[in-house]
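Listed below are the residues making up each chain.
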Amino acid sequence: MSHFFVTVLQAFLPVALLLGLHWSHRSAPRLRPLVWTTLLALLVGTLVGIRLPSSQTVQLILTLIQLVALALFLLSQFTQSSKLGYLWQGLLIIGAAVHWGDDPNLTALTTTHVVNTDLLLNISAVILAFGWVAFSAVLCGMMVRRLPRWPLLLLLVVLLVLPLSGGLMLLLMKLQALGLTKPRLSFVAHVTNNGAALNYLCALLLALLSAGFLLPLLKNRQQMQATDEAIAKRKATADYRNTRRTFTAALVALLVVALGQLYCDQVASQPPRLSEAQPVTLGPDGKLHIPIEQVRDGKLHRFVWIADDGKAVRFFVINRYPDRLRLGVVFDACLLCGDQGYVMEGNQVICVACGVRIFIPSIGKAGGCNPVPIEGWSNDDNELVISYASLAVGANYFSTVVSMDVVDPVDGSKLTNLKAEHKYRYAGKTYFFASEANYNKFRDNPRSFVTAHPAGNTESATDNAAADEEE
C-alpha cells in the first residue's frame, strides 16, 4: 500500500507544485473545467504509458518532446492567459501520467483477477496520494505569493529535467549516438535511480513555503494582541487564524510526504526478515530427532544444522494441513532464488527473494519456487527423524559458513575452519590442515589418519574413496 502512495507522489507531486506556481499569477481557474482537464489528462497519459512501445526510438522522441515542452512552459509564464493555463494543466499531467503508467510495478496493484483486500488497499493508497497531490498544489499556489516565484519555478523544472536528461543520455548511448563512458553512466545512474529524492526535495520546497509564512504569522499575532478596537481586533484575529491554518496545513503536507517516503525507504521496501533458526545437532545414532509436538501447530519452524565444514544448513518444518499431521520438511532455499529463504505472514509462506506465495499443501514437492525437499526423513506420532545423509545434501544450497574449532588430523594442531588454508573431504567428512605438508600427507594416505568413519556415514569405504573430492 505505501509503495503505491509514494510512487504516485514521486510521479505527480513535482508537477502538481509546478502547476500551483503556474496558476498563482493567473486568474483563479473555474473548478469544473479544471477537474475535467485533469481527469482526462490523467486517463490519457496513463493509457499511453501502459501501452507505450519499448522501441528506443519512440522513447527518445518522447523524451525530447517533454524537454521541449518544459522549455515552452517556462516561456508561457510571461503571459497570464487562462486558456493557456488549462492547456499546460493538461499537458504536464499527461507527461507525469505517462511515466507513472510506464512503471512495471503498477501491475502489482493486485496479483489476482478478483477484488481482494490487497487490491482495495492499493487503490485506496493511489486515491489518497492523488488527493494529497491536489492538496499540495493548492497550498503551493496560495503560499507562493509571499516568496519569489521564479526561483521556485526554475527549481521544480530542474527537478523534472534531470531524470529526463539522464534518460535521454542513456538512450543516445544505447543508440550509439554517444560514446559509453564512466562519467556519463554515473550521471545517468544518479539522476534516474533517485525517485525517492524527488519527494524529499518537494518536502523541502514545502518547508521553504512554510518558512515564508512564519514571519507574517508572528506579525499577525502581534497585531491581534496589540489591537483593542473591536472591529480591527476581529480583522487581525481572522488574519492570524487564516495564516496559522495555512502554515499548519503546509507543515502537515510536508511531513506526510517526507515521512511517507522515509517509511517506504526504511521499512516497507526492506525484505522480510527470517525468524531465528533453532540450532540442532545429530544424536548418537547420527540422526536428527525433533519432537512432533514442536512442529504440528501449522507454523513455520526454522532450524539450522552446522555441517562438519562449518556450512550452516537451514531447513524448516511445517504441518501442511490443519486437521491432520502431514509434515513438509524442506531446506530453507529454492533452486531458482537461492538461499534467501522463506517467511510466514499470516497463513501464507512467501519466498523472500521473489515474493511468490507458496501453496502450503505443496511444500515438500519439487519444482517452481517451492523450497527444496529433504529426502529420507520419517515421522511417527512422537518424533520427526532426519538422517545425516539427508541433511548433508543441503550444504550444496547454502553459502553461509560459521567459524568453528577444528583439529588437524595429521599433527593434532588446533585451528579454525575459516583460517585453514587447506581442506580435504574424505569418507563424507571434511578435514582441515595447518600446513600444505600435512595436507599432502593426508591426501596420499588418508586411512592412516582416520580411525573411524563419521557418525551417520552409511557409505562403504570403497564408495567413500571413490567419492573423495579435493577442495
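Residues numbered from 1 in each chain as written. Predicted model: local features only at pLDDT ≥ 70, side-chain atom pairs only at ≥ 80, totals over all residues. Heavy atoms only, no water.

Description of the packing of helix α1 (residues 2–24) against helix α6 (residues 149–174)
Logical step 1: Axis separation between α1 and α6 bottoms out at 10 Å; the angle between their running directions is 150 degrees. The angle between the axes of α1 and α6 places the two elements in the roughly antiparallel class. As for how α1 packs across α6, the hand of that crossing is left-handed. Across the interface between the two elements, Pro14, Val15, Leu17, Leu18, Leu21, His22 and Ser24 from α1 touch Arg149, Leu152, Leu153, Leu156, Val157 and Leu160 from α6.
Logical step 2: Residue composition of the contact of α1 with α6, by class: 10 nonpolar, 2 polar and 1 charged. (Axes fitted to C-alpha atoms, helices over the stretch in contact; angles between N-to-C directions. Helix = DSSP H or I, 4+ residues; strand = E, 2+ residues; numbered from the N terminus. Parallel < 35°, antiparallel > 145°, perpendicular 65-115°, else oblique. Left-handed = near helix turned anticlockwise from the far one by under 90°. Contact = heavy atoms within 4.5 Å. Nonpolar A, V, L, I, M, F, W, Y, C, P; charged D, E, K, R; others polar.)

Points about unusual backbone geometry
Logical step 1: Positive phi, close to 65 degrees, is recorded for Gln176, a residue that is not glycine.
Logical step 2: Considering the arrangement of structural elements, one finds Gln176 in the loop between α6 and α7 (182–192).

Considering the sheet that holds strand β10 (residues 383–387)
Logical step 1: A sheet is described by the order of its strands in space; here 3 strands give the open sequence β2-β10-β9, paired in antiparallel fashion. The open sheet has two free edges, formed respectively by β2 (287–291) and β9 (377–379), since each of these has just one partner strand. Going from strand to strand, the sheet's axes swing by 15 degrees on average, the running direction of each strand aside. (Pairing = 2+ DSSP bridges.)

Side note on the environment of Leu17
Logical step 1: The topology assignment puts Leu17 in helix α1.
Logical step 2: Leu17 gets classed as buried once you look at its relative accessible area, which sits at 0%.
Logical step 3: Taking C-alpha positions, Leu17 is 8.2 Å from Val133, a pair spaced 116 residues apart along the chain.
Logical step 4: Ignoring anything within four residues of it in the chain, the contact list for Leu17 reads Ser136, Cys140, Leu156, Cys202, Leu205 and Leu206. (Buried < 20%, exposed > 50% of the residue type's maximum accessible area, 1.4 Å probe, protein only.)

A short note on α6
Because each turn of an α-helix spans 3.6 residues, side chains separated by three or four positions in sequence point in the same direction.
Logical step 1: Between its terminal C-alpha atoms α6 stretches 38 Å, which fits the 38 Å expected from 26 residues at 1.5 Å a residue.
Logical step 2: Where α6 is concerned, the buried positions are Arg149, Leu152, Leu153, Leu156, Val157, Leu159, Leu160, Leu164, Gly166, Leu168, Leu171 and Met173.
Logical step 3: Against the buried residues of α6 lie α1, α3 (56–76), α4 (82–101), α7 and α8 (195–226).
Logical step 4: Following α6 by one or two positions, Gln176 has its phi on the positive side, about 65 degrees. (Expected span 1.5 Å × (residues − 1).)

A word on the environment of Ile61
Logical step 1: Note that Ile61 resides in helix α3.
Logical step 2: Along the sequence, Ile61 and Gln10 sit 51 residues apart, while their C-alpha atoms lie 23 Å from each other.

Things to note about the side chain of Arg314
Logical step 1: Looking at the element boundaries, Arg314 is found in strand β4 (residues 312–319).
Logical step 2: Relative accessible area serves as the criterion here: at 14%, Arg314 is assigned to the buried category.
Logical step 3: Within the structure, Arg314 has its side chain in polar contact with the backbone oxygen of Asp339 (distance 2.7 Å). (Polar contact = N/O pair within 3.5 Å; in protein donor to acceptor, adjacent residues only side chain to side chain.)

Description of the packing of α1 against helix α9 (residues 230–268)
Logical step 1: In contact at an axis separation of 10 Å, α1 and α9 are set at 130 degrees when each is read in the N-to-C sense. Classified by the angle their axes make, α1 and α9 are oblique. In terms of crossing hand, the pair formed by α1 and α9 is left-handed. Residues Ser2, His3, Phe5, Val6, Leu9, Gln10 and Leu13 of α1 form the contact with α9, whose own contacting residues are Val256, Val257, Gly260, Gln261, Tyr263, Cys264 and Ala268.
Logical step 2: Among the residues forming the contact of α1 with α9, the class breakdown is 9 nonpolar, 5 polar and no charged.

Considering the confidence of the model for the protein chain
Logical step 1: Across the protein chain, the average pLDDT comes to 87, with 94% of residues at 70 or higher.
Logical step 2: Counting contacts from residues 452–471, a segment whose pLDDT is below 50, to residues more than four positions away or on other chains yields 28 contacts. (pLDDT = per-residue confidence, 0-100.)

Quick word on the nonpolar core
Logical step 1: Within the largest apolar cluster, 61 residues are counted, with the highest numbers of intra-cluster contacts made by Phe12, Leu17, Leu18 and Leu92.
Logical step 2: Among the elements of the structure, α1, α2 (31–50), α3, α4, α5 (117–143), α6, α8 and α9 are those that each provide at least two residues to this core.
Logical step 3: No other element matches the 14 residues that α1 contributes to this core.
Logical step 4: Residue contacts for Leu92: discarding those within four places in its chain leaves Val15, Leu18, Leu19, Leu70 and Phe73.
Logical step 5: Judged by nonpolar contacts, the second largest core, of 24 residues, contains Ala307, Val313, Phe331 and Leu391. (Core = buried A, V, L, I, M, F, W, Y, C linked by side-chain atoms within 4.5 Å.)

Some remarks on the pattern of salt bridges
Logical step 1: With the rule as written, the count across this model stands at 6 salt bridges.
Logical step 2: The residue Arg302 makes a salt bridge to Asp332 at a minimum N-O spacing of 2.7 Å. On the criterion of sequence distance, the pair formed by Arg302 in strand β3 (residues 301–306) and Asp332 in the loop between β5 (327–331) and β6 (342–345) is long-range, its members being 30 residues apart. Note on accessibility: Arg302 and Asp332 belong to one class, buried.
Logical step 3: Linking Asp308 and Arg425 is a salt bridge whose minimum nitrogen-to-oxygen distance equals 3.8 Å. Here Asp308, found in the loop between β3 and β4, pairs with Arg425, found in strand β13 (residues 422–426); they are 117 residues apart in sequence, far enough to count as distant.
Logical step 4: With a relative accessible area of 18%, Asp308 lands in the buried category.
Logical step 5: When salt bridges with common partners are traced through the structure, they connect Arg302, Arg314 and Asp332 into a single cluster. (Salt bridge = Lys/Arg side-chain N within 4 Å of Asp/Glu carboxyl O.)

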